[in-house]
Amino acid sequence: MAIYDRRRGRNGFYLGLCYVATGFGLAFLVWILLTLIYNGAKGLSPAVFTQMTPPPGSEGGLLNAILGSLVMTGLGIVVGTPLGMLAGTYMAEYGRHSKLAAVVRFINDILLSAPSIVVGLFIYEVMVARMGHFSALAGAVALGVIVVPVVVRTTEDMLLLVPNPLREAAAALGLPRSHVIGKVAYRAARAGLITGVLLAVARISGETAPLLFTALNNQFYSTNLDAPMASLPVVIFQFALSPYKEWQQLAWTGALIITAAVLSLSIIARVLGAQKSSS
Amino acid sequence: MGTKKVADFAIDTGALDSTEALDRRATLRRFKVLDTVFRLLTMTAASAVLVLLGGVIASLVIGSLPAFRAFGLDFLTTQSWNPVTEKFGALAPIYGTVVTSALAMLLAVPVGLGIAIFLTELCPYPLRRPIGIAIELLAGIPSIIYGIWGLFVLAPLIQQYVQPGLIGTFSNVPVLSTLFAGPPYGIGVLTASFILAIMVLPFITSISRDVFDTVPSVLKEAAYGVGCTTWEVVRSVVIPYTRVGVIGGVMLGLGRALGETMAVTFVIGNAHKISASLLAPGTTISATIANEFTEAVGDIYTSSLIALGLILFGITFVILALARYMLMRLEQKAA
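Residues numbered from 1 in each chain as written. Chains lettered and ligands numbered in written order. Predicted model: local features only at pLDDT ≥ 70, side-chain atom pairs only at ≥ 80, totals over all residues. Heavy atoms only, no water.

**Looking at the side chain of Ser116 of chain A**
Point 1. Turning to its location among the elements, Ser116 of chain A is positioned in helix H5 (residues 116–131).
Point 2. The class for Ser116 of chain A is buried, based on a relative accessible area of 11%. (Helix = DSSP H or I, 4+ residues; strand = E, 2+ residues; numbered from the N terminus. Buried < 20%, exposed > 50% of the residue type's maximum accessible area, 1.4 Å probe, protein only.)

This is how it looks when you write it as structure tokens:
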């Protein structure tokens, strides 16, 4: 009987560890979120959304950083989405079994997890060094480069989910491939494609590393794409590491805003995606 | 007479030059042109992804040339990092990157696999999705949030409770006393590794869970049928069956850990030296670049930082390529 007891004991022990591991993971999620809410909510006030980032030691808000983030994220999406969607379309529709698609798929998956700071260096070399100064445009392009692999991946995956009989039916009517894709495949995969874009927005709106030396930072409100522009993550980085209480408080508030935005975006994307796959 | 059908045109040759026939031909030609244009457009976009990678590599290589010309391969093996005398060596950041990532994996792999086992074998069915999503949300939190949390919440706790304990407990144990030596700063290699571990956890979990799900139920049921316990099924059936995929997932997590920037920058301490103690401040490649790039003066300094970027990209590229290759092999096996 001893061997049964030993096996049962070992089973209980290791499975217990699995429960502990799950508890560990969930505890950190809850801990981080609670800390954020506790520290961030203290500083939430209308001033955060109506005033500029302050000089050291005085009160202020995050308006220029929030606007800067919105502008650069929007531009990044505009830059990266069309390229990503077209590339994903090629891989799922025209070149599904081609060599090119296989190579692009492999490279794209690597780009998907490549360190984002390297993208910052790349854009610095290509744009900032050439133009001679930091600019919001460079920041937006850097974000766009990060968007591309995300959108390529989801576009391909979602188009592959579209049943082939739909395409065949359209082709039997005499429609050329481009119309089959545009009028049938894209429409059938619409929710999935939107999910991909939302995921890309969630991914880049928290990105700091690629903005550090492309868009830099700007203490004032600016809409000039040719000049440095503030962004929420970079401001958080600068303020959190500063010794000033007011700045640190703003960093926490900014962190709360950004996390709330990113997490709700990814939850919305998930819900949209889930509807698609279950129906 | 009504509208003409396609068949009518085919039979009635007199309709060949009718406006309907010409319209039809024009439309077909337009379709053909449109299709070719769209096809070329998508193909160009797909190739652009390759160009993007080529561009990243080319720009990093060109940018790092001055540094490699000045220091040669010594750049990889020297430890000095002195902006004043313009002497740069990458050893300390490389060491920091490798050590923090390795330590992070040491913690993240067992915990990540544990969660995956929980989600596939133990969790009551209605809870699987919510818990899975919650773990994946950990991956959605921006890395700067981990940084600020690590600096203000985790580091003080580690400094107060964990580090004095480690130093005290191991002060008489030969090897461990050097690993856990020195004053408890709070920030340092160990704290950075811990945060990295939490950050890569969801990647390991979600890939392991996905590959665990590919194990055919028949195999598991057969094992249960001969009287295996759940743990024995996991250990002897599930994990051997999915080994390649699990390793792929782990490498994917490793690739993330190596390149992670902001969270590490906050808590590593940014000291350009290699310390035997894990409690001492250090630096990583990405943290060095993030901290110093905008303040770098002079070509050699900038170029050295870009060279660091090239090294980082090289390491992560190899790791990620291996990870993808393994996952691809598993997919082929499943298909």
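**Here we look at the interface of chain A and chain B**
Point 1. Listed by partner, the interface residues are 82 residues for chain A and 84 residues for chain B.
Point 2. Between chain A and chain B lies a buried interface of about 7300 Å² when both sides are counted; carbon and sulfur atoms form 82% of it.
Point 3. Along the contact surface separating chain A from chain B lie 3 salt bridges.
Point 4. Arg7 of chain A is the salt-bridge partner of Glu232 of chain B, the closest N and O atoms lying 2.7 Å from each other.
Point 5. Scanning the region where chain A abuts chain B turns up 7 residue pairs in polar contact (both at pLDDT 80 or more).
Point 6. The biggest single contributor to the side of chain A that touches chain B is helix H1 (residues 2–41) of chain A, with 19 residues.
Point 7. Classifying every residue of the side of chain A that touches chain B gives 59 nonpolar, 15 polar and 8 charged. (Contact = heavy atoms within 4.5 Å. Buried area = accessible area lost by both parts, 1.4 Å probe. Salt bridge = Lys/Arg side-chain N within 4 Å of Asp/Glu carboxyl O. Polar contact = N/O pair within 3.5 Å; in protein donor to acceptor, adjacent residues only side chain to side chain. Nonpolar A, V, L, I, M, F, W, Y, C, P; charged D, E, K, R; others polar.)

**Let's talk about the layout of surface pockets**
All names here are of chain B.
Point 1. Approximately 320 Å³ is the volume attributed to the second largest pocket.
Point 2. Lining the second largest pocket are 13 residues, and of these Leu107, Ile158, Val162, Leu190 and Phe194 lie nearest its centre.
Point 3. Of all elements in the fold, only helix H4 (91–122), helix H6 (143–170) and helix H8 (189–212) reach the threshold of two or more residues within the lining of the second largest pocket.
Point 4. Ranked by the residues each element gives to the lining of the second largest pocket, the list is headed by H6, at 5 residues. (1 Å grid on protein atoms, 1.4 Å probe; cavity = no way out; pocket = protein on both sides within 12 Å on 5 of 7 lines; lining within 4 Å. Points joined across faces, edges and corners; volume = space filled by probe spheres on them.)

**Details of H8 of chain B**
Every α-helix winds through 3.6 residues per turn, so residues three or four apart in the chain are directed the same way.
Residue and element names in this part refer to chain B.
Point 1. For H8, with 24 residues, the first-to-last C-alpha span of 33 Å sits near the 34 Å given by 1.5 Å per residue.
Point 2. At Val200, H8 shows its strongest bend, of approximately 35 degrees, with the proline Pro202 following within four residues.
Point 3. With respect to burial, H8 is a largely interior element, 21 of its 24 residues being buried. (Expected span 1.5 Å × (residues − 1). Bend = angle between axes of the 7 residues up to and from the residue.)

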